[in-house]
Amino acid sequence: MPGIYDHLHLKDWPFSVVPRPELCTYIAGRPQLDADIKELLRHLSRRDTSSIRVFWSWFGAGKTHSLHYLLNHASAQNLQSPPVRCFPVYTEFPRSVRSFVDLYKAFANSMDLSLIGDAFLDLHTSPKPGTYYAQLLSSSPDLAAALRVFSTGTEHEQSTASRWLRGDMVPLQDFRRLGISQRISTSDAAIRTLASIIDLLAAAERGQGKHGHRLIWAIDELQRLAATGRNAILDVNAGLHSLFNACPTGLSLVLSFSGQPHQETLPNWFSSELKDRMGVTKVMVMPPLQRGDAVRFVTDVIAHYRTEGSDVPPLFPFTEQSCHAILDFVDARNELRPRFIMDAFNAVLEKAEIEIETSAIQTVTAAFAKRVLEQHVIVAHDPDDE
C-alpha cells in the first residue's frame, strides 16, 4: 500500500515539534548520550539497589525525547528476561504544586494501575498468600483494602479503588464502603503508599523467581519546582528524600530539568539532604549541538524515518547545501538546539513536500530553504514561562 510520504522516501513525518513517546526509540546526533543511557540500563537491570539519576539540559536540547528513549528501552529490555525487571513511569512535574501529594497524583495518573493489581493477585494466589498480605495490612491497611478490591470487587468497586490510588477527591463514605479509611491527602500517606507499591512489585517479581524489580520514575520539567514557593519546595524535597529512604531497593528516581548547567553543582532548589542521597552520580548533560553534530542530528532523524530500500542521498529531500543553509538560519538567531533545528526543518519541509510530490521541484535547494525561512522567526524560550 503506497505511503503518503513515498515521494519523500519517508515512512512518516520526521520533524515532530513535540516528542511522541512511542516514537522515541532512537537518539539523534548524540552518540555518547546514546551509549551512556544504554550502559545505565544495563546496570539497572542487574541489581536492584535504589539510585538517583540526573538529566540536565539546555531548554530545547532534547531532554524529554531522551527520557522517553530511556523508558522505552527499559520496557524493551524486559523482553530479554533480565535479573531485574524495570517498570518505567514518566511524570511531567505539574505546573501547580502545593506538596508532594500533587507529585504523587501525577505519578498515579501516569502509571498503569493494572500492574499493581496483577502483582497483588500474583501474591494473593501464591502458595503462601497470607504472609505478604498480613505485612501489607500492618504497614498500609488502606492500600491492602484497595488492592483486595482489585482482585475480588465489582467493576464499580474497582473503579472507586483506582480513584483512591490516584488521590481523587471522592466522597469519603465511598472509600469507607471498601474498607478504606482515609484519602491520600498528606505527604506522609503518599510516601507510605508509594513505598508499599514498590515493595509489592518487588515481592511479586521475587515470587516468580526473579532477583527483584526496579521502578524507574522519571520526573520531567523539575525546574518548575523553583516557582512553587518555599513551602512546596521543602515538602517535595522532603517527600523525594523520604521515599528514597523508605526504598533501599527497587527504585530509581530520574530527575530531569532544564536550564544552563553549572559544573559540579546542582540548582539551589534541591535540598542538601536530597543532594546527599545522590552522592557520586553521573549527570547526563545535554548542551546545544556543534555544527558537525547538528548535521549528524538531521541525518540521523531522516535515516530513522527513511523508507526501507530507498536509494537516495542521506539528507534527501534536502541537500548538503540546503541543510547548512537551514542550520545557518538557526545559528544566526540562537544556539543549535534540537528543538530549533526541528522547527526550522519542519517549516521548510512543510512548504516543499507538496511541490516535490507534484514535481515542481526535485529537492530542497539552499535558495528554496532561504526563501521559506525569510518569513519565519525563532521564538526563544523565556525562563519566566516555567
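Note: the structure precedes this text.
Residues numbered from 1 in each chain as written. Predicted model: local features only at pLDDT ≥ 70, side-chain atom pairs only at ≥ 80, totals over all residues. Heavy atoms only, no water.

A. A look at the overall build of the protein. The secondary structure content of the protein amounts to 15 helices and five strands. Seen along its three principal axes, the alpha-carbon backbone of the protein occupies a region of about 70 × 50 × 40 Å. When each of the 386 residues of the protein is scored for burial, the buried share is 52%. Sequence-distant contacts in the protein: of pairs separated by 6 or more residues, those separated by 24 or more amount to 75%. Accessible area for the protein stands at about 18500 Å²; split by element, carbon and sulfur atoms hold 49% of it. (Helix = DSSP H or I, 4+ residues; strand = E, 2+ residues; numbered from the N terminus. Buried < 20%, exposed > 50% of the residue type's maximum accessible area, 1.4 Å probe, protein only. Contact = heavy atoms within 4.5 Å. Areas by Shrake-Rupley, 256 points an atom, 1.4 Å probe, with all protein chains shown as cover.)

B. Examining the sheet that holds strand 2 (residues 84-92) more closely. The strand order across the open sheet built from five strands is 2-3-4-1-5, with neighbouring strands paired in parallel fashion. Here the strands that pair on one side only, and so sit at the sheet edges, are strand 2 and strand 5 (283-286). Strand-to-strand twist in this sheet, taken as the mean axis angle between neighbours without regard to direction, amounts to 15 degrees. (Pairing = 2+ DSSP bridges. Axes fitted to C-alpha atoms, helices over the stretch in contact; angles between N-to-C directions.)

C. Quick look at unusual backbone geometry. In this structure, proline 317 follows phenylalanine 316 across a cis peptide bond, with omega equal to 15 degrees. Mapping proline 317 onto the fold places it in the loop between helix 12 (291-305) and helix 13 (320-333). Despite not being glycine, serine 81 shows a phi value in the positive range, around 55 degrees. Looking at the element boundaries, serine 81 is found in the loop between helix 2 (63-77) and strand 2. Residue serine 359 is not a glycine yet carries a positive backbone phi of 65 degrees. Among the structural elements, serine 359 can be located in the loop between helix 14 (338-357) and helix 15 (366-373).

D. Quick peek at the environment of glycine 167. Following the sequence through the fold, glycine 167 ends up in the loop between helix 7 (155-165) and helix 8 (172-176). The class for glycine 167 is buried, based on a relative accessible area of 6%. Each C-alpha atom of the pair glycine 167 and alanine 360 lies 57 Å from the other, and the pair is 193 residues apart in sequence. With near-sequence residues (within four places) excluded, glycine 167 lies in contact with Lys105 and Ile184.

E. Layout of the pattern of salt bridges. A full pass over the atoms with the stated rule returns 14 salt bridges. A salt bridge links aspartate 220 to lysine 63, with the shortest nitrogen-to-oxygen separation between them at 2.8 Å. Placement of aspartate 220 in strand 3 (residues 212-220) and of lysine 63 in helix 2 is noted, with a sequence separation of 157 residues between them. Where glutamate 221 meets lysine 63, a salt bridge forms, and the shortest distance between an N and an O atom there is 3.3 Å. Of this pair, glutamate 221 sits in the loop between strand 3 and helix 10 (230-246) while lysine 63 sits in helix 2, placing them 158 residues apart in sequence. Side by side, glutamate 221 and lysine 63 carry an identical accessibility label, which is buried. Linked through salt bridges whose partners overlap, the residues forming this network are Asp12, Arg20 and Glu22. (Salt bridge = Lys/Arg side-chain N within 4 Å of Asp/Glu carboxyl O.)

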